[in-house]
Each structure stands twice: as structure tokens, then as C-alpha cells.
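Per-entry structural report
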Amino acid sequence: MQNHAQPGLLEPVPAHGRYLFFAMRAHATPAALVESLRCLSALADGQTTVVGLGASLVQVLGGRVPGLREMPDFSTPGAPVPRTPLALWCWLRGADRGDLLLQSLALEHAVAPGLQLAGVLDAFRHGDPHAEHGRDLTGFEDGTENPQGDAATAAALVPDGAPGLAGSSFAAVQQWVHDMDAFGAMDTQTQDHTMGRRRCDNEELDDAPASAHVKRTAQESFSPEAFVLRRSMPWVQAQQCGLFFVAFGATLDAFEAQMRRMAGQDDGVVDALFGFSRPVSGAYLWCPPLHQGRLDLRQLGL
């Protein structure tokens, strides 16, 4: 299973990342979309370029991926959670921003027959480059509760299925925009209680309120347990900044359970993150496995 996965989704976040968001061209034919994916498959190695396909693209191609769907509406009063479906998503990973730019130009050209670039977001790892986890721009460690080793593989990858399905993964992606002034206006204790951890030593706080992010998303507190593999990265554009959230899962169920609770759908308690941050996008994707070093698109009949 792990041998077939796109390796980049299991590896730590890189020094730099570049997210590419694609939409289908208005009059793209299935033949043009097939050409786009075949050209993409020749370029994407699954390590420096992680690829995810949206439900709309899979449907137009006549494919079927069990468990793939569009993101539902999680919004509640005080917790808007927008849905912005994508046809194709590429996560470019590397150590040099110039290389990522050149790589993105090549990918944009490769998929041009049926797909057009709808957006780009550059991201980076923040904090000690040698630490196990990067940090959000608030200074808090990101991904502390990520499963490790075999548990990470089990959480992130589809364990079995037809050729072209085993070793694949489902991704939930969201761009969150931080209000750093609002966060900076909080005293240290309020900041820590918002997250449910002490920023200085990353210790979980037993006395944090029910709205604390850690308590809203404690993966073992769900039934069934809701483990995902987070691979989020901070981003900055002009005067805006935030976190591009990425969660890989064997299904989309675990993310949905966490997001429902964050939005207060379960008990009316909204995650304290919404006090200084908000998502401005949200999409579900299917990340196909690899076969002989290329994207395995047999699930789509390619």
C-alpha cells in the first residue's frame, strides 16, 4: 500500500511549497481532459509534485472513486466554512522557490488542453527547520497529534481495493486567513486557551475551555476515532497571511467529523480558532497512487 502512495504526502513538509488550483476549461472535451491528465502523469512524481483530482473532473471522465465527494456545508452562525470545489490540485514541494516556479509553469502548460490555472498560493515551513513539526505563524506547533509510522500510513492511505485505488488518499484542503492583530491583542493565557496548548512548551492544557482547538479536534475523542495526517503550511500574500490546511485520510469521514465539531454542529460550541482566523476556501480531492513511477489513473479508465 505505502509503496504505491504518492510519497510526498507521507513526508514532512518541505522548506517551500506552491499550491496550484485548476478548473476545467469551459468547453473542454473529455478527450482534452484525458490528454491533460496523461501529460500531467508524465511530469508528476508524487514526491516533488503531489496531485489531487476533484469529483467534478472524475465524473466528467466517467470514472468512479468510492468515497470521493464534494465538501458539504459545515457553516454555522459564527463559523462560516466556504466550499470552493476544484478540478485539479497540485502541491509542489521543494527547497528553492525558483525551481517551484519553473515547475509550476511546466505543469500549467502540460494540462492546458483541458484545464486552466485558477489560482496559485506560495507557502513555506516556519520555525526550526530541524524540528519534527513546523509552526503556524501564531508560533504554535502544527501537527503535534499526527499519527506516526504505520499509524500514519493507516490514517492517510486507502488500504485495499482495485488496481489504481489501493495506496491512494483523500485530501481536504482549506485556506485559512489569520487576523494577526486580533491574535496579538490576546494575552498569553487567552492565546494558549484558544489553542489548548502552551505555546512555550507545547504542553496540552487540562483546564482549557471546551472551545479550545485541541479539545475540538482531539482525534481519539471521536467514535470512531478520527485520525488524519496533517501536512499544512503557512502562507503570506502582501498584507494577508494564514495557514493552508491539508489533511490526508483513508476516507473523508475523519475530517468531516472534526470539521463538524469545530463549527459547533455537534454541541453548539464553536472552535476558538474562528475568533481570529477564517477559512476562505475548501475542497475535497482524491490523490491517486503511483504505478511504475507515474500517476496510476486506472480507476478512471486511463
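Residues numbered from 1 in each chain as written. Predicted model: local features only at pLDDT ≥ 70, side-chain atom pairs only at ≥ 80, totals over all residues. Heavy atoms only, no water.

Things to note about the packing of aromatic side chains
Defined as follows: Any two of the Phe, Tyr and Trp rings considered here, Trp counted by its six-membered ring, make a pair once their centres fall within 6.5 Å; the pair's planes then place it as stacked at under 30 degrees, edge-to-face at over 60, or tilted in between. Only DSSP runs of H or I with at least four residues qualify as helices, and only runs of E with at least two residues qualify as strands; both kinds are numbered from the N terminus onward. The rule is simple: take the accessible area with a 1.4 Å probe, protein chains only, and divide by the maximum for that residue type; under 20% is buried, over 50% is exposed, in between is partly exposed.
Inspection of the entire model under this criterion finds 11 aromatic pairs. With centroids separated by 6.1 Å and ring planes inclined at 15 degrees, the aromatic side chains of Tyr 19 and Trp 89 adopt a geometry described as stacked. Separated by 70 residues along the polypeptide, Tyr 19 in strand 1 (residues 16-24) and Trp 89 in strand 3 (residues 88-94) bring together distant segments of the chain. There is no split in this pair, since Tyr 19 and Trp 89 are both buried. Taking 6.4 Å as the distance between ring centres and 80 degrees as the angle between the ring planes, the aromatic pair formed by Phe 140 and Phe 183 counts as edge-to-face. Of the two residues, Phe 140 is situated in the loop between strand 4 (115-124) and helix 4 (149-156) and Phe 183 in helix 5 (residues 180-184); the sequence distance between them amounts to 43 residues.

Side note on empty space enclosed by the protein
Convention followed: A 1.4 Å probe that fits into a set of points on a 1 Å grid over the protein atoms alone but cannot get out defines a cavity; an open set with protein on both sides within 12 Å along at least five of seven lines defines a pocket, and lining residues are those with an atom within 4 Å of a point. Grid points are joined across faces, edges and corners, and a volume is the space filled by probe spheres set on the points. Gly counts as polar in this scheme, as do all residues outside two lists: the nonpolar Ala, Val, Leu, Ile, Met, Phe, Trp, Tyr, Cys and Pro, and the charged Asp, Glu, Lys and Arg.
Scanning the model with the defined rule gives 1 cavity of 30 Å³ or more in all. Looking at the largest cavity, its volume works out to about 40 Å³. Every residue along the wall of the largest cavity is listed here: Phe 170, Ala 171, Ala 172, Val 228, Ala 247, Phe 248, Gly 249, Thr 251, Leu 252 and Phe 255. When contributions to the lining of the largest cavity are tallied by element, the ones reaching two or more residues are strand 5 (169-178) and strand 8 (240-249). Within the lining of the largest cavity, the residues separate by chemical class into 8 nonpolar, 2 polar and no charged.

Description of the side chain of Ser 169
For clarity, the cut-off: Polar contact is the term for a pair of N or O atoms within 3.5 Å; when the atoms are in protein, one must be able to donate a hydrogen and the other to accept it, and sequence-neighboring residues count only if both atoms are side-chain atoms. Residues count as neighbours in contact if any of their non-hydrogen atoms are within 4.5 Å of one another.
With respect to the helices and strands, Ser 169 occurs in strand 5. Engagement of the side chain of Ser 169 in a polar contact is seen with the backbone oxygen of Gly 249, the distance being 3.5 Å. If sequence neighbours within four positions are ignored, Ser 169 has contacts with Leu 9, Ala 156, Leu 157, Val 158, Phe 248, Gly 249, Leu 285, Trp 286 and Cys 287.

A word on the packing of helix 1 (residues 30-43) against helix 3 (residues 97-110)
Worth spelling out the cut-off: Between N-to-C directions, angles cover 0 to 180 degrees, with each direction set by a line fitted to C-alpha atoms, over the stretch in contact for helices. If an angle is under 35 degrees, it is roughly parallel; if it is over 145, roughly antiparallel; if it lies from 65 to 115, roughly perpendicular; otherwise it is oblique.
Contact pair helix 1 / helix 3: the axes reach a minimum separation of 8 Å and the direction vectors enclose 150 degrees. The angle between helix 1 and helix 3 places the two elements in the roughly antiparallel class. Along its contact with helix 1, which presents Ser 36, Cys 39, Leu 40 and Leu 43, the element helix 3 presents Ala 106, Leu 107 and Ala 110. Of the residues in the contact of helix 1 with helix 3, the class split is 6 nonpolar, 1 polar and no charged.

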